[in-house]
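# Structural overview for review
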Amino acid sequence: MIDKSKTKIDEFWQLGSFTSFLGVNNTRIEFVSFEKEKNKSCLVIVPGRSEGYLKYKEVAYDFFCRGFNLIIMDHRGQGLSQRMTLNPQKGYVSSFSDYVNDLNVLIDKHLPLHENGEVYLLAHSMGGCIAASYLDVNKCHPFKAAVLTSPMLGINAGGLPTWLAKLIVNIGSWLNNKI
């Protein structure tokens, strides 16, 4: 039996505008946008760590059907965006602020139509941390409201003292760079 809702979502996905821009250090950042003139509001979706925009097909479809134009990015080193290491499985960013600066470029230069409408932000996990940092740095942002689901604002060290957790992370990072 054919899942008709899946077919509708796949048909919708084909209507997207798939493109890229150059972020910090000329790193290629991929994104997708969906626009329809009658949609007046816009939703920016900022995915979490190791999530690409492809994960958000159904969410995008649902919001688009409810009258939102959309834009979803793949962070540097994730999804279809450019990697900064030779190993495509290894996540790396030289500075967390690069993520925030990339989001700033996306919003400043590529936001879909939203004339006379409102702009909203939906961010998950690491995307929530990036979005919170963006909102903190950009006091004059276009968003009427933001929803941050499970924002990665800290790490649960499971009862370990902070100094020990940091030491373990730093040793792990050092070892990871040796591989």
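Structure report, in brief. Note that this is a predicted model, so its numbers are computed, not measured. (Residues numbered from 1 in each chain as written. Predicted model: local features only at pLDDT ≥ 70, side-chain atom pairs only at ≥ 80, totals over all residues. Heavy atoms only, no water.)

## Remarks on the side chain of T27
- Structurally, T27 can be placed in the loop between β1 (17-22) and β2 (28-34).
- Reaching out from T27, the side chain makes a polar contact with the backbone oxygen of V24 at a distance of 3.1 Å.
- Engagement of the side chain of T27 in a polar contact is seen with the side chain of R76, the distance being 3.2 Å. (Helix = DSSP H or I, 4+ residues; strand = E, 2+ residues; numbered from the N terminus. Polar contact = N/O pair within 3.5 Å; in protein donor to acceptor, adjacent residues only side chain to side chain.)

## Considerations on the pairing of strand β6 (residues 143-149)
- In this sheet, β6 lies alongside strand β5 (residues 119-124) in parallel orientation, the contact comprising 6 bridges. Considered in β6, the bridge of Y120 is made with A145.
- Taken together, β5, helix α4 (residues 126-137) and β6 constitute a β-α-β crossover, and its handedness is right-handed. (Pairing = 2+ DSSP bridges. Right-handed = clockwise from strand over helix to strand, strands pointing away.)

## Side note on the packing of helix α3 (residues 96-110) against α4
- Where α3 meets α4, the axes come as close as 9 Å, and the angle between the chain directions of the two elements is 70 degrees. When the axis of α3 is compared with that of α4, the two are roughly perpendicular. Touching F96, Y99, V100, L103, N104 and I107 of α3 are M126, C129, I130, A131, S133 and Y134, all from α4.
- Of the residues in the contact of α3 with α4, the class split is 10 nonpolar, 2 polar and no charged. (Axes fitted to C-alpha atoms, helices over the stretch in contact; angles between N-to-C directions. Parallel < 35°, antiparallel > 145°, perpendicular 65-115°, else oblique. Contact = heavy atoms within 4.5 Å. Nonpolar A, V, L, I, M, F, W, Y, C, P; charged D, E, K, R; others polar.)

## Details of the environment of F143
- With respect to the element layout, F143 can be found in strand β6.
- Exposure remark for F143: the relative accessible area of 7% places this residue in the buried category.
- Residues F143 and L160 lie 17 residues apart in sequence; the distance between their C-alpha atoms is 38 Å.
- Discounting chain neighbours no more than four positions away, the residues touching F143 are V44, I107, V119, Y120, L121, Y134 and L135. (Buried < 20%, exposed > 50% of the residue type's maximum accessible area, 1.4 Å probe, protein only.)

## Concerning the pairing of β1
- Pairing geometry for β1 and β2, over 6 bridges, is antiparallel. When the bridges of β2 are listed, T19 appears paired with F31.

## Side note on the nonpolar core
- If you look at the biggest cluster of nonpolar residues, it comprises 22 residues, and the most contacted ones within it are V44, L103, L106 and F143.
- Those elements giving two or more residues to this core turn out to be β2, β3 (41-46), β4 (68-73), α3, β5 and α4.
- Considering each element in turn, this core owes the most residues, 5 residues, to α3.
- F34, I45, Y61 and I72 belong to the second largest nonpolar core, which has 16 residues in total. (Core = buried A, V, L, I, M, F, W, Y, C linked by side-chain atoms within 4.5 Å.)

## So, the sheet that holds β4
- One open sheet accounts for 6 strands, arranged β1-β2-β4-β3-β5-β6; its pairing is mixed. What marks the edges here is a single partner per strand, and that holds for β1 and β6. For this sheet the average axis-to-axis angle between neighbouring strands, irrespective of direction, equals 20 degrees.
- As paired strands, β2 and β4 are joined by 4 bridges and run antiparallel to one another. By the bridge assignment, V32 is partnered in β4 with I72.
- Along the sheet face, α3 touches β1, β2, β3, β4 and β6 and points at about 145 degrees away from the line of β4.
- Along the sheet, α4 makes contact with β3, β5 and β6, crossing β5 at roughly 135 degrees.

## Some details on the side chain of E51
- Within the element layout of this structure, E51 appears in the loop between β3 and α2 (57-65).
- Judged by relative accessible area, which is 8%, E51 ranks as buried.
- Reaching out from E51, the side chain makes a polar contact with the backbone nitrogen of G48 at a distance of 2.6 Å.

The quantities given are spatial measurements derived from coordinates; they are silent on function.
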